[in-house]
Amino acid sequence: MSYTQLSQNATEGSVSASTLLRMDTFNGHIEDIDKIGMYAATNQLQHRANEVRNTRINWQSYLQGQMIDPEDYDFMVKLESLSAVPEQRKALLEANSDQFARTFFSMLAKISKDQTVQYVLTLLDDLLQEEKTRVDVFKRYMEQRKENVWSPFFSLLHRQDGFIVNQASRIVAKFACWGSRLMEQTDLVHYLNWLNEQLRIPSNEYLQTVARCLQMLLRVSQYRQVFCDIDGIGTLANVLSGKVNYQIQYQLVFCLWCLSFDADIVARMKKYNLIPICADILCESEKEKVNRIVCAFFRHLLEKPADSQLTQESALAMVHCKVLKQVELLAQKKYDDIEHEDDLKYLVEVLSNSIHDLSSFDEYASELKAGRLEWSPVHKSERFWRENAIRLNERNYELLKILVRLLESSKDSLVLCVAAHDVGEYVRHYPRGKTVIEQLGAKELVMKMLSSEDPNVRYNALIAVQKIMVHNWEYLGKQIEEKQPAGGATGGGGGSAKPAASVNS
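This structure is a prediction, so every number in the text was calculated from the model and none was measured.

Colleague: Explain helix α10 (residues 162-178) here, please?
Modeller: Along its 17 residues, α10 runs 24 Å from first to last C-alpha, staying within 8% of the 24 Å computed at 1.5 Å per residue. Counted residue by residue, α10 has 16 buried out of 17 residues, so it is predominantly covered. By the N-cap criterion, in which a side-chain oxygen at the helix start approaches the backbone nitrogen of a residue two or three places on, α10 is capped by D161, the distance to F163 being 3.1 Å.

Colleague: Which parts of the structure should I look at to understand unusual backbone geometry?
Modeller: Note: most residues except glycine have negative phi, and most peptide bonds are trans. One non-glycine residue, Q66, lies in the positive phi region at around 60 degrees. Its identity as a non-glycine residue notwithstanding, K146 has a phi of 55 degrees, on the positive side. For K146, the position within the fold is in the loop between α8 (135-144) and α9 (151-156).

Colleague: Sorry if this is basic, but what is going on with the packing of aromatic side chains here?
Modeller: Given two aromatic rings, their pairing is described by the distance between the two centres and the angle made by the two planes. For the structure shown, the criterion picks out 23 aromatic pairs. Arranged with centres 5.7 Å apart and planes meeting at 55 degrees, the rings of F138 and F175 form a pair that is tilted. Here F138, found in helix α8, pairs with F175, found in helix α10; they are 37 residues apart in sequence, far enough to count as distant. By the burial criterion, F138 is buried, and F175 matches it. Here the aromatic rings of Y250 and F254 are separated by 6.4 Å at their centres, their planes lie at 40 degrees, and the arrangement is tilted. In this pair, Y250 and F254 are both assigned in helix α15 (residues 246-259), 4 residues apart and thus about one turn of the helix distant.

Colleague: Explain the nonpolar core here, please?
Modeller: One recurring pattern in soluble globular proteins is that nonpolar side chains are buried together. W59, F104, Y191 and F298 are the most contacted members of the largest nonpolar core, which has 123 residues in total. Ranked by residue count, the leading element in this core is α10, at 11 residues. Not counting chain neighbours up to four residues away, the residues in contact with F104 comprise F75, M76, L79, V120, L123, L124, L127 and F138. Residues W385, L400, I402 and V404 belong to the second largest nonpolar core, which totals 40 residues.

Colleague: What am I meant to see in the pattern of salt bridges here?
Modeller: Where charged atoms from two side chains of opposite charge approach closely, those side chains can pair. Using the criterion set out here, one finds 33 salt bridges in the structure. Taking the shortest distance from any N to any O, the salt bridge between R89 and E130 comes out at 2.1 Å. With a gap of 41 residues between them, R89 in helix α5 (residues 86-95) and E130 in helix α7 (residues 114-130) connect regions that are remote in the sequence. On the basis of relative accessible area, E130 is assigned to the partly exposed category, the value being 29%. Between R391 and E394 there is a salt bridge, with the nearest N and O atoms lying 3.1 Å from each other. Counted as one network, the salt bridges with shared partners bring together K270, E313, K369, R395 and E398.

Colleague: I would appreciate a short explanation of the environment of R48 in the present structure.
Modeller: In this structure, R48 sits in helix α2 (residues 44-53). Here the alpha-carbon distance between R48 and Q118, two residues 70 residues apart in the chain, equals 9.6 Å. Discounting residues that sit within four places of it in the chain, R48 has contacts with Q118 and F163.

About the thresholds
- Residues numbered from 1 in each chain as written.
- Predicted model: local features only at pLDDT ≥ 70, side-chain atom pairs only at ≥ 80, totals over all residues.
- Heavy atoms only, no water.
- Helix = DSSP H or I, 4+ residues; strand = E, 2+ residues; numbered from the N terminus.
- Expected span 1.5 Å × (residues − 1).
- Buried < 20%, exposed > 50% of the residue type's maximum accessible area, 1.4 Å probe, protein only.
- Polar contact = N/O pair within 3.5 Å; in protein donor to acceptor, adjacent residues only side chain to side chain.
- Phe/Tyr/Trp six-rings, centres within 6.5 Å; stacked < 30°, edge-to-face > 60°.
- Core = buried A, V, L, I, M, F, W, Y, C linked by side-chain atoms within 4.5 Å.
- Contact = heavy atoms within 4.5 Å.
- Salt bridge = Lys/Arg side-chain N within 4 Å of Asp/Glu carboxyl O.

Here it is, written out as structure tokens:
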């Protein structure tokens, strides 16, 4: 008997932020993402589920083979006979709650055939979708027997069949979010680590399902810190920085938005360089729902932190990544979503205010932290380097270390050119700069760039090396001159420069 009647028609649209969530407290009945239209109709799992729902399972053969008990057989036959009668089906499940849980757990434990397991999981998923409180039926059943409710589903996460694996994952997410009790720490860490690994699989055809499970979990505040602790933010950043479709962009930025409800998590996001990644998505996407969630996320980055300096740094990073220009363009359009319009107005106002008192050094620091170096005026300004070169030493050489990381890891020729130029200017204007960059490994990196295939990179690396060497000669010459007696001979020995302080890399 088909259970197509139970399935939810997934749509491509999405709803506004406030309608979407009751984020700040867990009440056990979080709205399902499928129902509110955040799950794409093109999802691979949903396509396959529609086929599975029409499968006819010969329960009689399982009974005759003694693979299921008579009670389980009778319950399944009765349940399927009521597939088109919701009220009678509901009455059956309420009157036989223990048998309901017993039958499904029994079949998952005793039956191994992929086709049947697919059907059982899809049926269970649909029944939970129909009535969220049914998850507690399964939890109570296992608690009474002092068994782990997650174990039967966790074991399915290692099956070869991708549909079984991801359908089981959907059920775990629903159990974790809809029940009256939260998932315990050990099981939660296990499940979140599994989801994290699934996100990293190249060309994972079930990536939307994985993202959907995360969307559910991260709306529960108690689950967010655990996800951060396993470097989940880093995984989201890596996936978003690659080539993924707009639906995945939407879902994963939604996850970041959920995380950004916590101010301390916003502070932890700083090291992942999320602003440039999401700014690129905002500037390139033509999908309104993607733009809407990115803007909502950016607003949290500015609103949530208690540290005003962190807010200012985020604002400047957004300005440097062309977010202000983009939101000004978006704000000129009319939207049905009032909250999106409010987000756009907020971003325009805050970002505009952030640049009023922007010094040239603030501009440079913002550009460097965003990792988006370009030939902006500060790089070529003699006055800027004369006045600010020494400031690259502040906070234990924070900005200089960022510059070195860009030299080491960037694949962008423009970034490499500007970074090499800046290293040369730092050494030229800070007397002890050569020792510092050697201790940080910058000199070696610039030397390697001399063999780059890009002629512009080679040229700027060569100029930087010349600045390093010429600076050293000039500094040494001054030391020799100071050590010579007035009118003395030119052939005397010279003193050495005072050693620079040790640099902690």
